[in-house]
Structure formats: C-alpha cells, structure tokens
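What follows is the residue order along each chain.
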There are 2 protein chains.
Amino acid sequence: MAKRVTGPEIEKLIQLLAKVPGLGPRSARRAALHLIKKKDQLLGPLSHAMGEAYDKVKICSRCGNVDTVDPCTVCTDDRRDQSVIIVVEDVSDLWALERAAAMNVAYHVLGGVLSPLDGVGPDDLNIRGLIQRVGEGGIREIIIAVNATVEGQTTAHYITDQLAGLEVKITRLAHGVPVGGELDYLDEGTLTAALRARTAI
Amino acid sequence: MAKRVTGPEIEKLIQLLAKVPGLGPRSARRAALHLIKKKDQLLGPLSHAMGEAYDKVKICSRCGNVDTVDPCTVCTDDRRDQSVIIVVEDVSDLWALERAAAMNVAYHVLGGVLSPLDGVGPDDLNIRGLIQRVGEGGIREIIIAVNATVEGQTTAHYITDQLAGLEVKITRLAHGVPVGGELDYLDEGTLTAALRARTAI
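Described below are features of the structure shown in this document. Note that the coordinates shown come from a computational prediction; the quantities given were computed from them, not determined experimentally.

Concerning the nonpolar core
Counting residues in each nonpolar core, the largest one holds 76 residues, and the members touching the most others are L17(A), L46(A), M50(A), L17(B), L46(B) and M50(B). Setting aside chain neighbours within four positions, we find L17(A) in contact with L23(A), A28(A), A31(A), A32(A), L35(A), L46(B) and M50(B).

Some thoughts on the interface of chain B and chain A
Between chain B and chain A, the residue contacts involve 62 residues of the former and 62 residues of the latter. Buried area between chain B and chain A, both sides added, is near 5,600 Å², and the carbon and sulfur share of it is 72%. By the criterion of area lost to chain A, the three top residues of chain B are M50(B), Y54(B) and W95(B), representing 13% of everything that side buries. Linking chain B to chain A there are 4 salt bridges. Residue E9(B) is joined to K56(A) by a salt bridge in which the shortest nitrogen-to-oxygen separation is 3.3 Å.

A few points about the relation of the copies chain B and chain A
Each copy superposes on the other: chain B lies on chain A with an RMSD of 0.0 Å after a rotation of 180 degrees and an axial shift of 0.0 Å. In the structure described here, the two chain copies are related by an operation that fits a two-fold rotation axis. Distance from the rotation axis, computed per C-alpha, reaches its smallest value in chain B at S47(B): 2.5 Å.

Brief notes about the environment of K19(B)
Its place among the elements puts K19(B) in the loop between helix 1 (8-17) and helix 2 (25-37). Residue class for K19(B) comes out exposed when judged on its relative accessible area of 52%. With sequence-adjacent residues up to four places away left out, K19(B) is seen in contact with H34(A) and L42(A).

Here we look at the layout of surface pockets
Here the largest pocket is characterised by a volume of approximately 430 Å³. Lining of the largest pocket is provided by 22 residues; of these, D93(B), L97(B), A145(B), N147(B) and L173(B) occupy positions nearest its centre. Looking at the lining of the largest pocket, the elements with two or more residues in it are helix 2 (25-37) of chain A together with helix 4 (91-100) and helix 6 (150-162) of chain B. With 7 residues, helix 4 of chain B is the largest single contributor of residues to the lining of the largest pocket. A breakdown of the residues in the lining of the largest pocket according to their chemical character gives 12 nonpolar, 4 polar and 6 charged. Approximately 260 Å³ is the volume attributed to the second largest pocket. As for the second largest pocket, its lining consists of 15 residues, of which V146(A), N147(A), A148(A), L173(A) and A174(A) are closest to the centre. Contributing elements (two or more residues each) for the lining of the second largest pocket: helix 4 (91-100) and helix 6 (150-162) of chain A.

Reading guide: rules and limits
Residues numbered from 1 in each chain as written. Chains lettered and ligands numbered in written order. Predicted model: local features only at pLDDT ≥ 70, side-chain atom pairs only at ≥ 80, totals over all residues. Heavy atoms only, no water. Core = buried A, V, L, I, M, F, W, Y, C linked by side-chain atoms within 4.5 Å. Buried < 20%, exposed > 50% of the residue type's maximum accessible area, 1.4 Å probe, protein only. Contact = heavy atoms within 4.5 Å. Buried area = accessible area lost by both parts, 1.4 Å probe. Salt bridge = Lys/Arg side-chain N within 4 Å of Asp/Glu carboxyl O. Least-squares fit on C-alpha atoms with pLDDT ≥ 70 in both. Helix = DSSP H or I, 4+ residues; strand = E, 2+ residues; numbered from the N terminus. 1 Å grid on protein atoms, 1.4 Å probe; cavity = no way out; pocket = protein on both sides within 12 Å on 5 of 7 lines; lining within 4 Å. Points joined across faces, edges and corners; volume = space filled by probe spheres on them. Nonpolar A, V, L, I, M, F, W, Y, C, P; charged D, E, K, R; others polar.

Pasting the structure below:
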C-alpha cells in the first residue's frame, strides 16, 4: 500500500496470507478483512488451530504422512491391510486416494519424484524407507500411484528396479478414460492406453 | 474424509481454512499441507500474526476503518486534508482508493449499503456517524464513492438527503469507460454515461 492506512500487525497478516497457495495479494486483503469481521467465529479459532498444528504436527517416520502422532493414524490402523502399500508422491495424493475409499491399505509418501533437472535424486526422496519396509517382510503388494508424468514414470521404474530382488508384487494404476470424461477432450496418449487396455463388456 | 487419515487438529485446521474467502474445501487441504511443509517460515508466523491481529484489531470509532489504534492511522494523519471525506461501503474500498493514491483525504466507511430486501436499513449502516462528523463542522466536501449498483445509488441518494441542510459540497465518482477498457465489452449504461459526460480534448 502506498501510504499506511492500517496497523502494521494487519499489514503483516495480509503479507503472510498472500503466501498461502490459492490466495494472492488481492485475495489476501479480502481474506484478512473477512477474518477481522468474523473475529470471534473465524480469526480466533483459526489462529488457535494454526498454533495447535504448529505445536503438534509430525511427519510419520514410517510412511511420510502428516499427522499429530508418529507412527501415523494410517500406519497404526489394524483394520487396514498393512501388507499392501500404495506409493504416492505427496501427502495430498494419499488423502485423495483415501477420499476415493477404494482400498483399505497402507501408504508410503515419497515426498516428490525423481527430477534430475531440478536436482532431485533418489536420496532426496523417501525411497530407502520403502525398500526397508518391504525388506522387513510381510508386504505382498506395492501399488505405485505416482502421477502419470515423465518424472512420475521414471520414479516408478526406479522403484521397480530397486525392489527387483524382493518377494513382492509390484503394480501401477491403470491408464484410461477418466470416469465422466469426454473422449473429445482427451489426449492421444490416454486414448491409445484406453484402447489397448480395453475390457470385455 | 471418509476415514480418519490424519490428526483431529489438522482436520480442524483444514475445516477452518475452507471458510476463508478464496479457499474452498479442496484448496484448504492444499493450503494446510503447504503451511505444514513451511512450518517455520509460514505456519508459525501466520499463527502469530493472526493472534496479534485478534488481540489488537480495532474498528475506528470515527471512520470505521480497520486498524490497531482508535482513532485510526488515516483519521489522525495530519498530512491529509481532513476537510474532505470519501464515503465508501467497505474497508476494502477505502484500501483500494488508497492504492490509487489519487487523493490525500479522510474516509468514512458505511459498512454496507441500504438493501430493504436483505433487511439493511439506515440504522444498520454508519450513516449517523457521518452526519455527526459533518455537523461538527470543518468538512467542506463529501465524495460519495459507493459501488455503482442500485443499492449503492439508493444509499448515495439517502445520504445526500440527510446532509441536505448542512453546509457541505456533495460529489460522487464519475461514470465512464474504465482506463484500458474495451468499448465492445462495456454495457450500454456505461457507454451512455461516458458519452453524456464527454470532455473536450
């Protein structure tokens, strides 16, 4: 702001809100004013929730999930089939797959994908932890659910290579037409994959 | 989320973030994960800034601006011409006009516009405070800068009526073509106003 029109504490709040993904400088101002208007219903509780999260958040040392306990809720859930591990790039992918609620199994968060151009090598990802989990035994399937990008596929190949000697089935997500998707809007690669993997009706 | 995959503190944080304007349930999850990843650079400082704002924020009893002091920074700024008051609907409008930095004057925030359908009458707005400020003397111009909506214009008329007996010049923002705007995309009302208020080159 050209001249100061409000207190430095509020300017600081706007500045920090602008760094939250999904908010920019303009929506940060709007968000700040909304928070201030809803001081007791929103600003107070949100400030408290952030403080709680700051104090309590932990990264699960086993799977890499974000939680307030270590090992995390997913790793200690004995109603899950802990002999199947879905390998994902990011915690957000773990949460997305859980919303689908298709499988009740364990997870492993890599924390990214191999990307030599960005300087991300195997040691920057949580791959060693995965090999170790499989090496400890009791794992019968690894489902590699990384994004269908070049880096994701490279990472999938690398992990498959690393697990080669171990007694474990390795699978990956199917490629195909998204449910509800229109063929006309899909790329050739997806259509080719969907045709090749066609199923009998 | 169908099953619990993270701690209740983190779910609470996501729930509250989803109420921030500009964020929805999906972007709230993304924001929460980003905050947690940037725990010390963002989550901690933001939690602190919100706590500070919660403790210190005040609504200026004179003009309605949001600040940490009362009267606010704008009202006590003696480099401003305090004899001219720009009347706005919301604090965000005050801040927007200040970014334009076109005038160095005082403000008055109504806190909304008259809207009988939504049950907003004159007593729900900070109109009495404006009349009082003008009545105290020393004000030579009131610039009504409410939005160019039906409710905004109704509010402008109401304020003009209320100030009728007092020695003060009342003006409103000019209607016309936005700077950088393309005629083809403008509505007829704006084009008519721009033609009527045409100026000599």
